[in-house]
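Results of the structural survey
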Amino acid sequence: MGANSSSISELPENEYLKKLSGAEPISENDPFWNQLLSFSFTTPTNSADLKLLEEATISVCKSLVEKNPRTGNLGSLIKVFLSRTKELKISAECQNHLFIWQAHNALFIICCLLKVFISRMSEEELQLHLTYEEKAGPGPSSYGAECEDLIEELLCCLIQLIVEIPLLDITYSISLEAVTTLIVFLSCQLFHKEILRESIIHRYLMRGRCLPYTSRLVKTLLYNFIRQERSPPPGAHVFQQQTDGGGLLYGIASGVATGLWTVFTLGGVGSKASPQLEQCSPLASQSLLLLLVLANLTDAPDMPNPYRQAIMSFKNTQDNTAFSSSSPHAFQINFNSLYTALCEQQKSDQATLLLYMLLHQNSNVRTYVLARTDIENLVLPILEILYHVEERNSHHVYMALIILLILTEDDGFNRSIHEVILKNITWYAERVLTEISLGSLLILVVIRTIQYNMTRTRDKYLHTNCLAALANMSAQFRSLHQYAAQRIISLFSLLSKKHNKVLEQATQSLRGSLSSSDSPCPDYAQDLNVIEEVIRMMLEIINSCLTNSLHHNPNLVYALLYKRDLFEQFRTHPSFQDIMQNIDLVISFFSSRLEQAGAELSVERVLEIIKQGAVALPKDRLRKFPELKFKYVEEEQPEEFFIPYVWSLVYNSAVALYWNPHDIQLFTMDSG
């Protein structure tokens, strides 16, 4: 850090920044801008350097906030950037490194300044800072009507930059900076406890000049995520000195230290990229975050969120059907590439949240995913998230679980997962699984999640969704692995013990309250009610499997017979009598056949008798119950959950962005 840190800390004393934030207006044509924009560095990514950069920027901004209403220098800087972006596309085609390099530097400074401005003032105040118009006569400068156009022009320019500039080594940094600056523009939400439903920036992005770019922006951000382009090696985008002396050479490009940050190299050109950037694509990561932010903007009173509409309606490139007139922002994208990227990236909350959004909101994607013959590539990473529940935040676990619930709404999925045979699941540590079906593994992981929740978090929402997924699959259970069958019954055993314990506590508490009227009685009735609901659900899941696919599941019947005493206490219980009829009948029927076969039977012989008995058992003797089917429905006002969640991901995961945690109002730090 040493020299790097001191370089950042000296920024407030830098002569160019002092002039930018000073009392003198700077013309857009002033040579000062060439000097200001001639610096080269590797953007800091570690939190310590980012924090120092933030503090240095704040110091510059304090002066700028005070002087800018009279000088309009922030607006002038934005205009300088806007004028340079007009030739960015041709600069990329002509490999004009210097032009792109300086445009990037201008945007980097704008982004740093805007981030501080937005964190410290309202959008209305920001507008005022960008309304400077010079008067021809004497007297102070005035606020004009140019403000809104300037903000809209910058937003529109950033979107055009993202969708139109080809992604090359020399344009990677400016493309990333454009995505980052859009995130910064939308970051005003971080500084409000309430969800923003009216916002100047939202209004610009959802209508006017930005609106026609909606589908192209969403498509480009998705493709950035799909392609996972690594950042070019440091220095790849920096203008190299021309030996013939042609062109204007500034700062590091000419070897003259006249740039903005004389010693500010932060590792410098040619230095090793940070491990974080080596392991991933900063542009892909940042693009995904921006996509999630845009998709979760609240609808305007008179207009639905166009970015959400685009996400809901895009189609596969191989789909030749006409676009619906009700989908104005629809586009086509390669679903095979998208599916591959989603399978590969599920370790991050962001990718799981994107998968959830696509499955829940885009019927084209959902249909495509459910038709894949390699569905295990998507399901296994989701199961791994649930398996490592202790290491994941609760929101990531919820998203993974809801994805499973959405998938299990489809009968084809529930059938096909039992046909996919997996070998050696190395991350499943409780038992060596040399060969198991995807369906049985899914059951094992969901049951493990329920058991973890029972002993740790005791979250009813988690229980409900786990049980709903199992219930959706239960009629299609096929050839359950013996361990999966055992775990189903073991979970029921655990619930039974818990039920008895709470019942005993309730009884003792009631006796105690009768003898002493002083001490308050704990609400065991509520606990008992919750446990009985879960027990009822487990009995319904077992019953559903027995009535629909008993002959396919000898291992479940075996596990049921092995623990038959467990069900005795529920036969006469008023809450379970009806559902116990079939289970009781199956236990009695197969117990009788085993008794007839004699004692000392081997496991193999017992399974053989069960398989023979399954064929012989008259199906009409089993009482029919309504099919167990649960459908995921988003709660009312989902934005109250998703917007803080998305912004917590931005806060924690965005590349080269730092906000002071004390300024954040939208969520508490432990939820971030």
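Quick note: structure is the one above.
Bear in mind the structure is a predicted one, so any value in this text is a computation, not a measurement. (Residues numbered from 1 in each chain as written. Predicted model: local features only at pLDDT ≥ 70, side-chain atom pairs only at ≥ 80, totals over all residues. Heavy atoms only, no water.)

1. Observations regarding the overall build of the protein chain
- Secondary structure assignment for the protein chain yields 30 helices and six strands.
- Burial statistics for the protein chain: of 672 residues in total, 55% are counted as buried.
- Long-range contacts, defined as pairs at least 24 residues apart, comprise 76% of the intrachain contacts of the protein chain with a sequence gap of at least 6.
- Of the roughly 29,700 Å² that the protein chain leaves accessible, carbon and sulfur atoms contribute 49%. (Helix = DSSP H or I, 4+ residues; strand = E, 2+ residues; numbered from the N terminus. Buried < 20%, exposed > 50% of the residue type's maximum accessible area, 1.4 Å probe, protein only. Contact = heavy atoms within 4.5 Å. Areas by Shrake-Rupley, 256 points an atom, 1.4 Å probe, with all protein chains shown as cover.)

2. Structural notes on the environment of Gln577
- Mapped onto the elements, Gln577 comes out in helix α28 (residues 577–597).
- Judged by its relative accessible area of 41%, Gln577 falls in the partly exposed class.
- Those residues in contact with Gln577 that sit more than four places away from it in its chain are Phe570, Arg571 and Thr572.

3. A word on the nonpolar core
- Grouped together as the largest cluster of nonpolar side chains are 228 residues, with contacts concentrated most on Leu441 and Phe567.
- Sorting elements by how many residues they give to this core places helix α7 (residues 97–120) first, with 14 residues.
- Setting aside residues up to four positions removed in sequence, Phe567 forms contacts with Ile489, Phe492, Leu539, Ile542, Leu560, Met580, Ile583 and Ile587. (Core = buried A, V, L, I, M, F, W, Y, C linked by side-chain atoms within 4.5 Å.)

4. Description of the state of the cysteines
- Overall, the coordinates contain zero disulfides when judged by the stated rule.
- Considering cysteine sulfurs only, Cys156 is the nearest to Cys210, which forms no disulfide, with 4.7 Å between them. (Disulfide = S-S within 2.5 Å.)

5. As for the packing of helix α18 (residues 349–361) against helix α30 (residues 639–653)
- α30 packs onto α18 with a crossing angle of 150 degrees between their chain directions and a minimal axis gap of 10 Å. When the axis of α18 is compared with that of α30, the two are roughly antiparallel. For α18 against α30, the interelement crossing comes out left-handed. Listed contacts from α30 to Asp349, Gln350, Leu353 and Tyr356 of α18 are Phe642, Tyr645, Val646, Leu649 and Ser653.
- A class-by-class count of the residues in the contact of α18 with α30 yields six nonpolar, two polar and one charged. (Axes fitted to C-alpha atoms, helices over the stretch in contact; angles between N-to-C directions. Parallel < 35°, antiparallel > 145°, perpendicular 65-115°, else oblique. Left-handed = near helix turned anticlockwise from the far one by under 90°. Nonpolar A, V, L, I, M, F, W, Y, C, P; charged D, E, K, R; others polar.)

6. What about unusual backbone geometry?
- Positive phi, close to 45 degrees, is recorded for Ser479, a residue that is not glycine.
- Along the chain, Ser479 turns up in the loop between α24 (460–474) and α25 (482–515).
- Given the relative accessible area of 54%, Ser479 is considered exposed.

7. Some remarks on the packing of helix α27 (residues 554–562) against α28
- Where α27 contacts α28, the two axes come as close as 10 Å, and the packing angle between them is 85 degrees. In terms of their interaxial angle, α27 and α28 are classed as roughly perpendicular. Residues Val557, Leu560 and Leu561 of α27 lie in contact with α28, whose contacting residues are Ile583, Val586, Ile587, Phe590, Ser591 and Leu594.
- Among the residues forming the contact of α27 with α28, the class breakdown is eight nonpolar, one polar and no charged.

8. Section: α18
- If you check α18, its first and last C-alpha atoms are 18 Å apart, about what 13 residues at 1.5 Å a residue would give, namely 18 Å.
- Taken across its 13 residues, α18 has eleven buried, putting it largely inside the fold.
- Within the sequence span of α18, burial applies to Asp349, Gln350, Ala351, Thr352, Leu353, Leu354, Leu355, Tyr356, Met357, Leu358 and Leu359. (Expected span 1.5 Å × (residues − 1).)

9. A few points about the environment of Leu353
- By the secondary structure assignment, Leu353 is in helix α18.
- Expressed as a C-alpha distance, the spacing of Leu353 and Ala400, which sit 47 residues apart in the sequence, is 8.3 Å.
- Leaving out residues up to four positions away in the same chain, Leu353 has contacts with Leu292, Met399, Phe642, Tyr645, Val646 and Leu649.

10. Comments concerning the pattern of salt bridges
- A complete count under the given rule lists 19 salt bridges for this structure.
- Across the pair Lys18 and Glu13 runs a salt bridge, and its minimum N-O distance is 3.4 Å.
- For Arg571, the salt bridge is made with Asp584, and the minimal N-O distance between the two is 3.1 Å. With Arg571 in the loop between α27 and α28 and Asp584 in helix α28, this residue pair connects regions lying 13 residues apart in the sequence.
- According to the relative accessible area criterion, Arg571 is partly exposed, its value standing at 35%.
- Taken together, the shared-partner salt bridges in this structure form one network comprising Arg197, Glu639 and Glu640. (Salt bridge = Lys/Arg side-chain N within 4 Å of Asp/Glu carboxyl O.)

11. Some thoughts on the packing of aromatic side chains
- By the definition in use, this model includes 20 aromatic pairs.
- Between Phe32 and Trp33, the aromatic rings sit 5.1 Å apart at their centres with planes inclined by 70 degrees, giving edge-to-face as the arrangement.
- On the basis of relative accessible area, Phe32 is assigned to the buried category, the value being 2%.
- Between Phe492 and Phe570, the ring centres sit 5.3 Å apart and the planes meet at 70 degrees, which makes this aromatic pair edge-to-face. Here the residue Phe492 occupies a position in helix α25, and Phe570 occupies one in the loop between α27 and α28, the gap between them amounting to 78 residues. As far as burial versus exposure is concerned, Phe492 and Phe570 are alike and both buried.
- Counting every residue linked through ring pairs, the aromatic cluster contains Phe314, Phe331, Phe335, Tyr339 and Tyr368.
- Taking NZ or CZ as reference, Lys115 lies 5.9 Å from the ring centre of Trp659, over its face.
- Lys315 extends its terminal NZ or CZ atom over the ring of Phe323, reaching a point 4.3 Å from the ring centre. (Phe/Tyr/Trp six-rings, centres within 6.5 Å; stacked < 30°, edge-to-face > 60°. Lys NZ or Arg CZ within 6 Å of the ring centre and 35° of its normal.)

12. Quick look at the side chain of Lys315
- Take Lys315: it is sitting in strand β3 (residues 315–316).
- Within the local environment of Lys315, its side chain forms a polar contact with the backbone oxygen of Thr321, the two atoms lying 2.3 Å apart.
- Those residues in contact with Lys315 that sit more than four places away from it in its chain are Thr321, Ala322, Phe323, Phe331, Gln332, Ile333, Phe335 and Asn364. (Polar contact = N/O pair within 3.5 Å; in protein donor to acceptor, adjacent residues only side chain to side chain.)

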